[in-house]
Amino acid sequence: MTEQSSPSPGPRGHIYLWPQAFVACGDFLPNRPHRHISASVLISYGAAFGLEVNGQWRQTRAALVAPDVPQALAPGDSELWIAQLDPDSPAWLGLRARLAERPSVDLELPPALLPPGQGAGCTAMGSYLASLVAQAGVAPERLDPRVLAVADRLRRTLPEQLVVADLAAQVTLSPSRLSHLFRQQTGVSLQRFLLHLKIARALAHWQPGKTLSQLAVEAGFYDQPHLVRTARAMFDALPSQYVSTGWFQVSRCGGQACGEPARAC
């Protein structure tokens, strides 16, 4: 969403939040190039939409974009289903092979694999994401246990500052080796991953009447301007601009984004 535009009152979509993913579906506004640290899955409920990746525009009905790749959206009149998947999530690891080392690829989906409607609920949305992963036809890639351990620690502790030496010592690696291994396996740096986790925490903790300053503290940002800069870089908007105006309704879903057990997603 651009700085000049603001959503009008009235629900126009729904956001479903899980610990390692969120799904937003409904009407979206055009935005400028930005970089989600998560992987993106974008699917139209109808007509094709415009997607820019690394400065190249194309029309598509369904696409997958790797983490930390510049992208912009021109939805036109299309309602969209958009999933943002953490770089260490089972869902992303199950879809990553479809890129074949490319930053983005169009997805060929059978007619029966269209997203459920906006108000379908957490279970239906999680099951749909699982079906997308299953349709890829490959087993999810496995991350190095040391990378998983570091990602889990960052998610649990959400430190204000990143101390790579401490993380590396806990998994018996040098700081440089850990930094290289983490980026190699997830596609993002440790610092970028931590920023993503903080933004996700801010979105999950948002409630009507809560200020950006309060959210910044709860999510581990230095201050409110740090939160604002990070959100605009990742979304070309503050998530609260969609949520606080009532443009999107929010559901906080427990467990895995693809349902239990997590093996399929």
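Reading the values: rules and limits
Residues numbered from 1 in each chain as written. Predicted model: local features only at pLDDT ≥ 70, side-chain atom pairs only at ≥ 80, totals over all residues. Heavy atoms only, no water. Helix = DSSP H or I, 4+ residues; strand = E, 2+ residues; numbered from the N terminus. Buried < 20%, exposed > 50% of the residue type's maximum accessible area, 1.4 Å probe, protein only. Contact = heavy atoms within 4.5 Å. Areas by Shrake-Rupley, 256 points an atom, 1.4 Å probe, with all protein chains shown as cover. Expected span 1.5 Å × (residues − 1). Arc of directions from axis to C-beta. Pairing = 2+ DSSP bridges. Disulfide = S-S within 2.5 Å. Axes fitted to C-alpha atoms, helices over the stretch in contact; angles between N-to-C directions.

1. A short note on the overall build of the protein chain
Helices and strands together make up the secondary structure of the protein chain, namely 9 helices and 11 strands. Taken over 265 residues, the protein chain has a buried fraction of 52%. Considering only intrachain contacts with a sequence separation of at least 6, the fraction spanning at least 24 residues in the protein chain is 71%. Accessible area for the protein chain stands at about 11800 Å²; split by element, carbon and sulfur atoms hold 54% of it.

2. Remarks on unusual backbone geometry
Of note in the backbone geometry, Ala100 takes a positive phi value of approximately 50° without being a glycine. Position of Ala100 relative to the elements: it lies in the loop between helix H1 (90–95) and strand S10 (104–106). The backbone of Thr172 shows a phi angle near 55°, a positive value even though the residue is not glycine. You can see Thr172 is positioned in the loop between helix H4 (164–170) and helix H5 (175–186). Note on Thr172: relative accessible area 69%, which makes it exposed.

3. Observations concerning the environment of Gln224
Relative to the helices and strands, Gln224 resides in helix H8 (residues 224–235). Taking the C-alpha atoms as reference points, Gln224 and Ser213, 11 residues apart in sequence, are found 4.9 Å from one another. The contact partners of Gln224, leaving out residues within four places of it in the chain, are Leu212, Ser213 and Ala216.

4. Topic: H5
Helix length check: H5, at 12 residues, gives a terminal C-alpha distance of 16 Å against a target of 16 Å (1.5 Å per residue), a fit within 8%. Within the span of H5, buried status applies to Leu178, Leu181, Phe182, Gln185 and Thr186. Down the axis, H5 shows its buried residues gathered within 100° of arc, on one side only. Exposed side of H5, more than 90 degrees from the buried face: Ser176 and Gln184 are the residues found there. Note on H5: the residue one or two positions beyond its end, Gly187, has a positive phi of about 90°.

5. Description of the pairing of strand S5 (residues 49–53)
Across the 5 residues of S5, 5 count as buried, placing the element largely inside the fold. Burial of S5 is two-sided: the residues Phe49, Leu51 and Val53 facing one way and the residues Gly50 and Glu52 facing the other way are all buried. Direction of pairing for S5 relative to strand S6 (residues 56–60): antiparallel, over a ladder of 5 bridges. Bridge pairing in S6 places Val53 opposite Gln56. Between S5 and S6, which pair antiparallel and follow one another directly, the connecting turn spans 2 residues, one of which, Asn54, has a positive phi of 55°. As paired strands, S5 and strand S8 (residues 70–74) are joined by 4 bridges and run antiparallel to one another. Bridge pairing in S8 links Val53 to Gln71.

6. A closer look at the sheet that holds S8
Pairing is antiparallel in the open sheet, where 4 strands are placed in the order S3-S8-S5-S6. With partners counted over all chains shown, the strands left at the sheet margins are strand S3 (34–35) and S6, one partner each. In the sheet, S3 pairs with S8 via 2 bridges, with the strands oriented antiparallel. Following the sheet pairing, His34 is matched in S8 by Gln71.

7. Some words on the state of the cysteines
Joining two cysteines, a disulfide is a covalent bond between their sulfur atoms. In total, this model carries 1 disulfide according to the counting rule given. Between the sulfur atoms of Cys122 and its disulfide partner Cys253 the distance amounts to 2.0 Å. Torsion about the S-S bond of the Cys122 and Cys253 cystine: about -75°, corresponding to left-handed handedness. Of this pair, Cys122 sits in helix H2 (residues 122–136) while Cys253 sits in the segment after strand S11 (248–252); the two residues are 131 residues apart in sequence, bridging distant segments of the chain. We classify Cys122 as partly exposed; its relative accessible area is 26%.

8. Quick notes on helix H6 (residues 190–205)
For H6, built from 16 residues, the straight-helix expectation of 22 Å at 1.5 Å per residue is met to within 8% by its first-to-last C-alpha distance of 23 Å. Among all positions in H6, only Leu190, Arg192, Phe193, Leu194, Leu195, His196, Leu197, Lys198, Ile199, Ala202 and Leu203 are buried.

9. Looking at the sheet that holds strand S7 (residues 62–65)
The strand order across the open sheet formed by 7 strands is S10-S7-S4-S9-S2-S1-S11, and the pairing between neighbours is mixed. Here the strands that pair on one side only, and so sit at the sheet edges, are S10 and S11. Strand-to-strand twist in this sheet, taken as the mean axis angle between neighbours without regard to direction, amounts to 15°. As paired elements, strand S4 (residues 39–44) and strand S9 (residues 80–85) share 6 bridges and run antiparallel to each other. Residue pairing across strands places Ala39 opposite Leu85, the latter belonging to S9. Sheet strands touched by H6: strand S1 (13–18), strand S2 (21–26) and S11. Its angle to S11, the strand with the most contacts, is close to 100°.

These figures come from the coordinates and say nothing about function on their own.
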